[in-house]
Structure formats: C-alpha cells, structure tokens
Amino acid sequence: MFYFFFFILFDYLTFKRYPQALALMPLSPLWSIMFFTMLFLLGLGTQLVATEAISTAIMDEYMPIIREKFNFKYFKEFLTAFIVLLSFLCGLPMITNVR
C-alpha cells in the first residue's frame, strides 16, 4: 500500500509541481531541459542495468547448455536483443489502451 502512495506522490511532484516551480526560476527553459534529460537518463540507465543483469544471469546459469546447442560467436548480443524485444513487447500494454 505504501508503494502505491509513493508512486502517486512521485508522479504528482515530478510532473505537476516541479515544472511549476521551474517556471518561476530564471532561465526556466534551461532548468526544465536539464531536469527532464536527467529523468530520461535515469530511466535509460535503469533499463540497461536490468537488461545486463538478466542476460548475465541466463548466461551464467545455462552456459554449458548454450555452448552445446548454439555454437556461434555473438550469442550474448542476440540474447540481449531478445531481452530488449521482450521488454518492449511487455511494456506496450502499459502505455496503450489495451484492456
């Protein structure tokens, strides 16, 4: 229950109150660009770390099986691309009106 209120408060502060406060500051477009760039890079870094953690866990656990079945050089890159594609497909219903 706490997390639900935390995310509502985060959404309220991040996308409603903070931009209003930035609008009152001198050089407000610069501060706004810096703030939303920071949010974008924070999300991107989090996604990269999660993808790397999942691919490393799969590679560490199943490497003997992978070597027997798939004997090609760029397996980690293909696995990472598959994880990114799967994450994208799982995220689509969250941003669309699919019910």
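Residues numbered from 1 in each chain as written. Predicted model: local features only at pLDDT ≥ 70, side-chain atom pairs only at ≥ 80, totals over all residues. Heavy atoms only, no water.

*Asks:* Please explain the overall build of the protein as it appears in this structure.
*Replies:* On a plain count of helices and strands, the protein comes out with three helices and zero strands. Its helices and strands in sequence order give the protein the pattern α-α-α, from N to C terminus. Buried positions account for 12% of the 99 residues belonging to the protein. Counted over contacts in the protein with a minimum sequence separation of 6, partners at least 24 positions apart contribute 36%. Accessible surface, the protein as shown: approximately 8700 Å² in total, 75% of it carbon and sulfur. (Helix = DSSP H or I, 4+ residues; strand = E, 2+ residues; numbered from the N terminus. Buried < 20%, exposed > 50% of the residue type's maximum accessible area, 1.4 Å probe, protein only. Contact = heavy atoms within 4.5 Å. Areas by Shrake-Rupley, 256 points an atom, 1.4 Å probe, with all protein chains shown as cover.)

*Asks:* Where do I start with unusual backbone geometry in this structure?
*Replies:* A positive phi is found at Leu-27, a non-glycine position, where the angle reads about 60°. Along the chain, Leu-27 falls in the loop between α1 (2-23) and α2 (28-69).

*Asks:* Even after reading the chapter, I still don't get the pattern of salt bridges, so can you show me in this structure?
*Replies:* It is possible for side chains of opposite charge to pair when their charged atoms get near one another. Counted by the stated rule, this structure contains one salt bridge. The salt bridge involving Glu-52 is made with Lys-76; its shortest N-O contact spans 3.2 Å. With a gap of 24 residues between them, Glu-52 in helix α2 and Lys-76 in helix α3 (residues 75-95) connect regions that are remote in the sequence. Among the residues examined, Glu-52 registers a relative accessible area of 39% and is labelled partly exposed. (Salt bridge = Lys/Arg side-chain N within 4 Å of Asp/Glu carboxyl O.)

*Asks:* Please explain the environment of Arg-17 as it appears in this structure.
*Replies:* Assignment of secondary structure puts Arg-17 in helix α1. The exposure class assigned to Arg-17 is partly exposed, which follows from its relative accessible area of 42%. At 2.7 Å, the side chain of Arg-17 forms a polar contact with the side chain of Gln-20. (Polar contact = N/O pair within 3.5 Å; in protein donor to acceptor, adjacent residues only side chain to side chain.)

*Asks:* What exactly am I supposed to notice about the packing of aromatic side chains here?
*Replies:* Two aromatic rings, taken as a pair, are described by how far apart their centres are and by the angle between their planes. Taken as a whole and judged by the stated rule, the model has one aromatic pair. Taken together, a centroid distance of 4.9 Å and an interplanar angle of 70° make the contact between Phe-35 and Phe-36 edge-to-face. Judged by its relative accessible area of 12%, Phe-35 falls in the buried class. (Phe/Tyr/Trp six-rings, centres within 6.5 Å; stacked < 30°, edge-to-face > 60°.)

*Asks:* Hey, could you run me through α3 in this one?
*Replies:* For α3, spanning 21 residues, the distance from its first C-alpha to its last is 30 Å, which sits close to the expected 30 Å at 1.5 Å a residue. The elements touched by buried residues of α3 are α2. (Expected span 1.5 Å × (residues − 1).)

*Asks:* Sorry, what's going on with the nonpolar core here?
*Replies:* In terms of nonpolar packing, the biggest core is built from five residues, these being Met-59, Ile-66, Phe-75, Leu-79 and Ile-83. Looking at this core element by element, the count peaks at three residues for α3. (Core = buried A, V, L, I, M, F, W, Y, C linked by side-chain atoms within 4.5 Å.)

*Asks:* Would you mind showing me how to read the confidence of the model for the protein here?
*Replies:* Close inspection of predicted coordinates is inappropriate in any region flagged by low pLDDT. Taken residue by residue, the protein gives an average pLDDT of 84. The fraction at 70 or more is 88%. Averaged over each element, pLDDT in the protein is lowest for α1 (71) and highest for α3 (90). (pLDDT = per-residue confidence, 0-100.)

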